[in-house]
Amino acid sequence: MALNLDYRQCGYPETELSQAVASLAEYCRELKAVASYESPESFLLLSKDENILNEVATLGNNTDGALLIGIGASSLGALAIAQALRPTKKLLVADAVDERLLKHAQEILEAEYVQGKKYQTIIVSKSGTTLETLVNTGALVPFLKNLDPEFANRTLVITDKGTPLWEYAAQQGWKTIASPISGRYSMFSPVALAPLAFLGIDIGRFRAGAQSMQEICLDPDVNKNPALWGAAATYLNYQHGKSTHALFFLNPLLRGLSRWWQQLISESLGKDGKGILPILSEASDMHALSQFYMDGPANVFTTFIELSSDAGTVLTGVPLLSSLNGKKIEEVTRGINDGIRRAYIKKKLPHITINFDDIDEESLGAFCALKMLETVYLAKLMGVNAFDQPGVELYKQEVKSILRL
């Protein structure tokens, strides 16, 4: 497995974890039988859908970078994977309505085009009416048209068929793709796969990692299913007052996953007066948040995410700490991470550790599949619908009222 998971410090013995999710065995079997995109859980079909892979493969990747215009799950998935893998091609994301950020994006694009580089533009909105996406499209597309006479041939719109944006794209001569899934469970749909393919990322390996993990996480045997273990540990801690979940990324290359995971948890579980608040942390936060975690209210459950590596530069000139000379940087990193966890154990703070063998497409696909299924199982235990977001719809209605849309 590309990931190593350790639940021994979650605060509960294996017997209690097993009992907590015993009721989900039948649901596991139901999930394994999902065969239609009409099902709420149809995200399970994405990583095996060859039509998606073939359609994305026809797009090509002969540009020097990509501009992704979308908000929330329309951009967080692709951005998370790109930040972790650091492809040579640049990904620019317009995910907020802010004039300064838009001007900054224009400056970057202009500098790139002056150097002869070309960018693929990807516009993502399931409904085709997402306010922020349309505003950013209006701000950036005219600018790009002036830079690139072939702009229309380098523009892709991902939206549902027949939406206003679909029709507008057709009028402009832009390519369109309809995604069977959108939102926070769309990681293995064209919403994320298309931008990643344009960056030259191996989406076949990404999907393969997801397929392998998904198969494991659909097993009704709790002893073989890490998604059930994770759901059980989180649920038992939630039941006993730990309604804050610290997503603690000990490796900075993996922290891009944190915002994607944060949305997955908060939008799936925060409803009906229930919910788990995900907060984002990284190793440097131990100089900022450790006091709260160690001695603050006992309402925090933590998942550590780290990377194993024996490679690294050997230290030779560390001032004042000569005992470190001759050690690899990775040894020091591992010492810091182990020290953090040792402090947690001494304070009896419940936590899980997820260890990446390497940061590659396969391991990232496995992680995302694991967390989506874990969240769905957790929603079942909490008695909430993992697939709606009425609170989000409410804010959209208020914005439309204010702007008279």
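Procedures and definitions
- Residues numbered from 1 in each chain as written.
- Predicted model: local features only at pLDDT ≥ 70, side-chain atom pairs only at ≥ 80, totals over all residues.
- Heavy atoms only, no water.
- Helix = DSSP H or I, 4+ residues; strand = E, 2+ residues; numbered from the N terminus.
- Rg over C-alpha atoms; globule rule 2.2 N^0.38 Å.
- Buried < 20%, exposed > 50% of the residue type's maximum accessible area, 1.4 Å probe, protein only.
- Contact = heavy atoms within 4.5 Å.
- Areas by Shrake-Rupley, 256 points an atom, 1.4 Å probe, with all protein chains shown as cover.
- Lys, Arg positive; Asp, Glu negative; His and termini not counted.
- Charge placed at Lys NZ, Arg CZ, Asp CG, Glu CD.
- Pairing = 2+ DSSP bridges.
- Axes fitted to C-alpha atoms, helices over the stretch in contact; angles between N-to-C directions.
- 1 Å grid on protein atoms, 1.4 Å probe; cavity = no way out; pocket = protein on both sides within 12 Å on 5 of 7 lines; lining within 4 Å.
- Points joined across faces, edges and corners; volume = space filled by probe spheres on them.
- Nonpolar A, V, L, I, M, F, W, Y, C, P; charged D, E, K, R; others polar.

S.K.: When you look at the overall build of the chain in this model, what are you seeing that I'm missing?
M.R.: Secondary structure assignment for the chain yields 15 helices and 10 strands. Computed over C-alpha atoms, the radius of gyration of the chain comes to 22 Å, within 12% of the 22 Å expected from 2.2 N^0.38 for 405 residues, which places it in the range of a compact globule. The principal-axis extents of the C-alpha atoms in the chain amount to approximately 60 × 60 × 45 Å. Considering the chain as a whole, with its 405 residues, one finds that 50% of them fall into the buried category. Considering only residue pairs separated by 6 or more positions, the chain has 76% of its internal contacts joining residues 24 or more positions apart. Of the roughly 18500 Å² of accessible surface on the chain, a fraction of 51% belongs to carbon and sulfur atoms. Of the charged side chains in the chain, 38 are positive and 45 negative; the average position of the first set lies 3 Å away from that of the second.

S.K.: In this structure, what is going on with the sheet that holds strand β4 (residues 119–124)? I would like to understand it.
M.R.: Pairing between the strands of a sheet is mediated by backbone hydrogen bonds and can be parallel or antiparallel. One open sheet accounts for five strands, arranged β3-β2-β4-β5-β6; its pairing is parallel. Either end of the sheet is taken by a strand with one partner, and the two such strands are β3 (90–94) and β6 (175–177). Ignoring which end each strand starts from, the neighbouring axes of this sheet average 20° apart. Summarising the sheet, β4 and strand β5 (residues 155–158) pair through four bridges and their orientation is parallel. Bridge pairing in β5 links threonine 121 to threonine 155. Along the sheet face, helix α7 (residues 164–172) touches β4, β5 and β6 and points at about 155° away from the line of β6.

S.K.: Quick question: what am I supposed to make of empty space enclosed by the protein here?
M.R.: In total, this model carries two cavities of 30 Å³ or more according to the counting rule given. Lining the largest cavity are Thr234, His245, Trp261, Ile265, Leu269, Ile276, Lys371, Glu374, Thr375 and Leu378. Those elements that place two or more of their residues in the lining of the largest cavity are α11 (256–269) and α14 (361–382). The element best represented in the lining of the largest cavity is α14, accounting for four residues. Approximately 30 Å³ is the volume found for the second largest cavity. Forming the boundary of the second largest cavity are Ala73, Gly77, Gly183, Arg184, Ser186, Met187, Val191, Ala192 and Trp260. At the level of secondary structure, the elements contributing two or more residues to the lining of the second largest cavity comprise α4 (73–85) and α8 (190–198). Across the lining of the second largest cavity, the residue classes tally to five nonpolar, three polar and one charged.

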